[in-house]
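# Structural overview
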Amino acid sequence: MDIDRIHTPVMLDRTLELLAPALEREGAVYVDATLGMGGHSRAVLERFPGATVIGLDRDTEALAIARERLAPFGDRVRLVHTVYDGIAEAVRGEGFREVHAILFDLGVSSMQLDRAERGFAYAKDAPLDMRMDSTGGRTAADVIAEYDEADLRRIFHEYGEEKLAARYARAIVRARQSAPITRSGRLVEVLTDATPAALQRAGHPAKRVFQALRIEVNEELGALERAIPAALDLVAVGGRIVVLSYQSLEDRLVKRALAAASSSTAPAGLPMELPEHRAQFRLLVRGAELASETEQAENPRAKPVRLRAAERVRRPS
């Protein structure tokens, strides 16, 4: 497998530019909360020779690949098998109380999409798995088999923002009565048959359903909602956090967390802001940044990305 060919880190240069002021100090600690195959981390290790990397991932296959890729950097690399909401425990387990830079590159990884047997891609027939940690837990096939129509409709609507959620849930329940739906190809058939012909030209009918199943299987939004505040608590004064989101539900959670951290807590009506009410973070970009048109053309996976970033300016006294 040519890792450099299949894995192009999204917004790499911009991410490093934003994190550089925090990483240039000697002894800087960088947490890659979504290590994947280690593309961002390798760039950090190469450009900031005084930095130590703590890489987190729930995917044991990704960790094995990253361990091999980052082996030349020796003890500057610490890898931990965990979901990113375990970031505080992972950092403390490596002997650190605070860190200087954190990156979340959310969503499904290049390797997970490109390995057909993982079941993430609706364009490739494979077992309906979709677990980011294949060592245990519920699969997408389990969700399809066990959830009732109301729950299927709910996750398709909430996590996939799918307008045909009710129609697709009903079709799945009807189809599974004849035979279990255990492969992605069969699920795509059921969804396609349930999609009005006029809407099939508007995009692949399985796209949002597969997104919803992946989020449900991996409990992504709940983990993210816990992870961002935990990560912010770890950031040292002058330290920075960058988050890359690929769909609106993720970006909404990140936006709210960073907005709260960068807002004053002074009660309304105070004639002046007291020091203890000042914001603990400042936002580093206006709104959410997009990848450049050039990067989007060269790397299609950069098209939906939304980048947000913040710097800690003070700790509570």
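Structure shown above.
First, a word on scope: everything that follows refers to the structure included in this document. Note that the structure is predicted; figures quoted are calculated from it, not measured. (Residues numbered from 1 in each chain as written. Predicted model: local features only at pLDDT ≥ 70, side-chain atom pairs only at ≥ 80, totals over all residues. Heavy atoms only, no water.)

## Considerations on the overall build of the protein
A tally of regular secondary structure across the protein gives 15 helices and seven strands. Taking 20 Å as the expected radius of gyration for a compact globule of 317 residues, we find that the protein reaches 21 Å, a close match to that expectation. The dimensions of the protein, computed from C-alpha atoms along their principal axes, are 65 × 55 × 40 Å. Counting over 317 residues, the protein shows a buried share of 53%. Sequence separation of at least 24 residues holds for 70% of the intrachain contacts in the protein that already meet a minimum separation of 6. Per element, the accessible surface of the protein, about 14900 Å² overall, is 49% carbon and sulfur. Computing the positive centroid from 45 side-chain charges and the negative centroid from 47, the protein places the two 4 Å apart. (Helix = DSSP H or I, 4+ residues; strand = E, 2+ residues; numbered from the N terminus. Rg over C-alpha atoms; globule rule 2.2 N^0.38 Å. Buried < 20%, exposed > 50% of the residue type's maximum accessible area, 1.4 Å probe, protein only. Contact = heavy atoms within 4.5 Å. Areas by Shrake-Rupley, 256 points an atom, 1.4 Å probe, with all protein chains shown as cover. Lys, Arg positive; Asp, Glu negative; His and termini not counted. Charge placed at Lys NZ, Arg CZ, Asp CG, Glu CD.)

## Some thoughts on the packing of aromatic side chains
Scanning all chains against the criterion turns up one aromatic pair. Between the aromatic rings of Tyr84 and Phe104, the centroid separation amounts to 5.7 Å while the plane-to-plane angle is 75 degrees, which identifies the pairing as edge-to-face. In this pair, Tyr84 is assigned in the loop between strand E3 (77-81) and helix H5 (87-93) and Phe104 in strand E4 (residues 99-105), connecting sequence segments 20 residues apart. Neither residue differs from the other here; Tyr84 and Phe104 are each classed as buried. (Phe/Tyr/Trp six-rings, centres within 6.5 Å; stacked < 30°, edge-to-face > 60°.)

## Let's talk about the nonpolar core
Ile87, Phe104 and Phe156 are the most contacted members of the largest nonpolar core, which has 66 residues in total. The element that contributes the greatest number of residues to this core is helix H13 (residues 220-234), accounting for nine residues. Discounting chain neighbours no more than four positions away, the residues touching Ile87 are Val31, Ala33, Leu56, Ile102, Phe104, Ala227, Ala230, Ala231 and Leu234. Membership of the second largest hydrophobic core comes to 36 residues, among which are Ala20, Leu35, Leu70 and Val285. (Core = buried A, V, L, I, M, F, W, Y, C linked by side-chain atoms within 4.5 Å.)

## Looking at the sheet that holds E3
Read across the open sheet, the seven strands follow the order E3-E2-E1-E4-E5-E7-E6; overall the sheet is mixed. Each edge of the open sheet is held by one strand with a lone partner, namely E3 and strand E6 (281-283). Pairwise comparison of adjacent strand axes, ignoring direction, gives a mean angle of 15 degrees for this sheet. In terms of strand pairing, strand E5 (residues 235-245) meets strand E7 (residues 306-312) through six bridges, oriented antiparallel. From the neighbouring strand, Ser245 faces E7, where its bridge partner is Arg306. (Pairing = 2+ DSSP bridges. Axes fitted to C-alpha atoms, helices over the stretch in contact; angles between N-to-C directions.)

## A look at the pattern of salt bridges
For side chains of opposite charge, pairing can occur when their charged atoms come near one another. The full count for this structure, using the stated rule, is 16 salt bridges. Put simply, Arg154 and Asp151 hold a salt bridge, and the shortest N to O gap is 3.6 Å. With Arg154 and Asp151 both in helix H8 (residues 149-160), this residue pair falls three residues apart, about one helical turn. Overall, Asp151 belongs to the partly exposed group, its relative accessible area being 30%. Linking Arg214 and Glu220 is a salt bridge whose minimum nitrogen-to-oxygen distance equals 2.7 Å. A relative accessible area of 11% places Arg214 in the buried class. Members of the salt-bridge network, linked through shared partners, are Arg14, Glu17 and Glu289. (Salt bridge = Lys/Arg side-chain N within 4 Å of Asp/Glu carboxyl O.)

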